[in-house]
Amino acid sequence: MLGMKATKVCAVCGRVLDRWTDGDGNNERWEHSTQDLKQFDHPAVPVGKHEIKPNYRCDFCNLDVSTHTVPASSFTVMITPEQHSVSEGNWSACPTCVELVCSGSWDELVERALTTSPAMRGMANSSETKAVLRVYLGLMYGVLCEHMLGEPFPGWQTHSDPSEGR
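Let me begin by describing the structure that accompanies this report. All figures in this text were calculated on a predicted structure; none of them were measured in a lab. (Residues numbered from 1 in each chain as written. Predicted model: local features only at pLDDT ≥ 70, side-chain atom pairs only at ≥ 80, totals over all residues. Heavy atoms only, no water.)

Details of the overall build of the protein chain
Step number 1: For the protein chain, the count of helices and strands is four helices and nine strands.
Step number 2: Helices and strands appear in the protein chain in the N-to-C order β-β-β-β-β-β-β-β-α-α-α-α-β.
Step number 3: The proportion of buried residues among the 166 residues of the protein chain is 45%.
Step number 4: Intrachain contacts of the protein chain at a sequence separation of at least 6 include 66% that bridge at least 24 residues. (Helix = DSSP H or I, 4+ residues; strand = E, 2+ residues; numbered from the N terminus. Buried < 20%, exposed > 50% of the residue type's maximum accessible area, 1.4 Å probe, protein only. Contact = heavy atoms within 4.5 Å.)

What follows is the structure, encoded as structure tokens:
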């Protein structure tokens, strides 16, 4: 089981940051999410989530609307042997994405992320890149599905991971 690390947000913009590690779980780094990379003109400045008010958004389509919590335990997805993406606890969802999660429409959720998120649209400028992003999102959402801790619920709760001691 992955050891929990405190969630970090960017001190400049308030966005929740993604945590990346190498294959051994060492050499951790915090970066803006893929959805944020083209949006911001600054590097990530990681601070604790209690030091600044987080600027939450839908973790699926990147809309600045967060109405539901998708309860989940933490997990790591190997992108390459040297690069692992770490998801820590719950995910945030907008009304449309939470409906897709509740109905198990994971392929539709992938397509929504690819077409709704400005950064994803910008990155998916070729059929080859779009295919890679589709596989990456499908993998992330598939592992998320296995780590869900119940049905999504209205509002936002940062963690319901049992390893958090809540």
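Section: the sheet that holds strand β8 (residues 91-93)
Step number 1: Pairing is antiparallel in the open sheet, where three strands are placed in the order β8-β5-β9. Either end of the sheet is taken by a strand with one partner, and the two such strands are β8 and β9 (153-154).
Step number 2: Here strand β5 (residues 68-70) runs beside β8; their pairing, made up of three bridges, is antiparallel. Looking at β8, one finds that Thr 69 is bridged to Ser 92. (Pairing = 2+ DSSP bridges.)

Points about the pattern of salt bridges
Step number 1: If you walk through the whole model with that rule in mind, you get three salt bridges.
Step number 2: The salt bridge involving Arg 15 is made with Asp 64; its shortest N-O contact spans 2.5 Å. Here Arg 15 is found in the loop between β1 (8-10) and β2 (18-21), whereas its partner Asp 64 is found in the loop between β4 (46-48) and β5, with 49 residues between them in sequence.
Step number 3: Since its relative accessible area comes to 56%, Asp 64 is described here as exposed.
Step number 4: A salt bridge links Glu 31 to Arg 29; the shortest N-O distance between them is 2.5 Å.
Step number 5: Judged by relative accessible area, Glu 31 falls into the partly exposed class, the value being 28%. (Salt bridge = Lys/Arg side-chain N within 4 Å of Asp/Glu carboxyl O.)

What about the side chain of His 68?
Step number 1: In this structure, His 68 sits in strand β5.
Step number 2: At 2.8 Å, the side chain of His 68 and the side chain of Thr 67 are in polar contact. (Polar contact = N/O pair within 3.5 Å; in protein donor to acceptor, adjacent residues only side chain to side chain.)

Considering the packing of helix α1 (residues 95-102) against helix α2 (residues 106-116)
Step number 1: At a minimum axis distance of 8 Å, the contact between α1 and α2 shows a crossing angle of 155 degrees. Between α1 and α2, the crossing angle belongs to the class labelled roughly antiparallel. The handedness of the crossing between α1 and α2 comes out as left-handed. Residues Thr 96, Cys 97, Leu 100 and Val 101 of α1 form the contact with α2, whose participating residues are Trp 106, Glu 108, Leu 109 and Arg 112.
Step number 2: Among the residues making up the contact of α1 with α2, the classes are represented as five nonpolar, one polar and two charged. (Axes fitted to C-alpha atoms, helices over the stretch in contact; angles between N-to-C directions. Parallel < 35°, antiparallel > 145°, perpendicular 65-115°, else oblique. Left-handed = near helix turned anticlockwise from the far one by under 90°. Nonpolar A, V, L, I, M, F, W, Y, C, P; charged D, E, K, R; others polar.)

Observations regarding the sheet that holds strand β3 (residues 29-31)
The strands making up a sheet associate through backbone hydrogen bonding, with each pair oriented either parallel or antiparallel.
Step number 1: Pairing within the open sheet is antiparallel, and its four strands lie in the order β3-β2-β7-β6. Across the chains shown, the open sheet's two edge strands, defined by having one partner strand only, are β3 and β6 (75-80). For this sheet, the mean inter-axis angle between neighbouring strands, taken without regard to orientation, is 35 degrees.
Step number 2: Here three bridges tie β2 to strand β7 (residues 83-87), and the two strands are oriented antiparallel to one another. Residue pairing across strands places Trp 20 opposite Ser 85, the latter belonging to β7.
Step number 3: Helix α4 (residues 127-147) rests against β2, β6 and β7 of the sheet, and its axis sits at about 160 degrees to β6.

Considering the pairing of β2
Step number 1: In this sheet, β3 lies alongside β2 in antiparallel orientation, the contact comprising three bridges. Bridge assignment links Arg 19 to a residue of β3, and that residue is Trp 30.

Digging into the packing of aromatic side chains
Step number 1: Counted by the stated rule, this structure contains five aromatic pairs.
Step number 2: Geometrically, the ring pair formed by Phe 60 and Trp 91 is tilted, given 5.1 Å between the ring centres and 40 degrees between the ring planes. Taken together, the positions of Phe 60 in the loop between β4 and β5 and Trp 91 in strand β8 put the pair 31 residues apart, joining distant regions of the chain. Of the two residues examined, Phe 60 and Trp 91, each falls in the buried class.
Step number 3: Joined through ring pairs, the aromatic side chains of Phe 60, Phe 75, Trp 91, Trp 106 and Tyr 141 make up one cluster. (Phe/Tyr/Trp six-rings, centres within 6.5 Å; stacked < 30°, edge-to-face > 60°.)

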